[in-house]
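In case you want the letters, here they are:
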Amino acid sequence: MTGQAEGAPVTLAVTGASGAPYAVRLLEVLNGLGVPVRLIISKTGWRLLREEEGIEDEAALRARTGDWSRVLRYDDADRGATPASGSAASRGMVVCPCSMGTLASIAQGTSRSLIERAADVALKERRPLILVPRETPYSVLHLENMLRLSRAGAVVLPASPGFYHRPRTIAELVDFIVARILAHLGIEAEIGPRWKSGERE
Ligand SMILES: Cc1cc2nc3c(=O)[nH]c(=O)nc-3n(C[C@H](O)[C@H](O)[C@H](O)COP(=O)(O)O)c2cc1C
């Protein structure tokens, strides 16, 4: 994976839903491709990184996710940081995983954290906003919020990997979702199941 995706940064937000392995792998792949990343991790996002991946701090995250020369990390409490600005060039934003709390806030346009504000900006600027929720089952409120966001232009991409490619490892399940996220950002990466002449590989 080399530099095919240079250009404006992707904003990657990590929130406190189960699914930290998706975030770690997504950051690793973006770094491997040389895609600039603006990284924002909520307080509970850090907790899930710790509980699910044993990642305690930025140093541990760096050690797991390759070349950080194009990564800029922002404090989720800093609502005035670059990702909060519509005039800052961006190729889109991914919230992965996306908690139902953050999803609800984005659906209401509350902008009370940098993550919420950056998502609000992505919507108003008509840039890709990909939300990767993880909850089961969904309540009516969850579903209404997702419908509202989908109508507003976001892509709701649940962390629901398929099994038709017969995954045998957690890494394969993770890559299934990461490949779908990258496809929605218009980024090609040679991961996840491949399609050939109408058949599933
Ligand atoms: C261990 C743990 C697991 C959680 N798993 C989920 C989850 O899968 N989905 C979800 O929507 N919220 C989950 N939550 C709840 C959110 O973390 C909580 O609503 C939090 O306020 C979200 O804040 P954030 O979106 O700013 O990270 C979990 C919380 C903890 C502590």
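Residues numbered from 1 in each chain as written. Predicted model: local features only at pLDDT ≥ 70, side-chain atom pairs only at ≥ 80, totals over all residues. Heavy atoms only, no water.

1. Remarks on the environment of lysine 124
Position of lysine 124 among the secondary structure elements: in helix α5 (residues 114–124). With 29 residues separating them along the chain, lysine 124 and glycine 153 place their C-alpha atoms 9.4 Å apart. Contact partners of lysine 124, with chain neighbours within four places excluded, come to Gly86 and Arg117. Here the side chain of lysine 124 touches glutamate 125 through a polar contact of 2.7 Å, side chain to side chain. (Helix = DSSP H or I, 4+ residues; strand = E, 2+ residues; numbered from the N terminus. Contact = heavy atoms within 4.5 Å. Polar contact = N/O pair within 3.5 Å; in protein donor to acceptor, adjacent residues only side chain to side chain.)

2. A few points about the sheet that holds strand β4 (residues 92–98)
Here we have 6 strands laid out as an open sheet, ordered β3-β2-β1-β4-β5-β6, and parallel in their pairing. Strands with a single pairing partner mark the edges of an open sheet, and in this sheet they are β3 (71–74) and β6 (155–156). As paired elements, strand β2 (residues 37–41) and β3 share 4 bridges and run parallel to each other. Pairing of arginine 38 across the sheet is with leucine 72, part of β3. Sheet contacts for helix α2 (residues 43–53): β1 (10–14), β2 and β3; angle to β2, the most-contacted strand, approximately 90°. Across the sheet, helix α7 (residues 170–185) is in contact with β1, β4, β5 (129–133) and β6; its angle to β5 comes to roughly 165°. (Pairing = 2+ DSSP bridges. Axes fitted to C-alpha atoms, helices over the stretch in contact; angles between N-to-C directions.)

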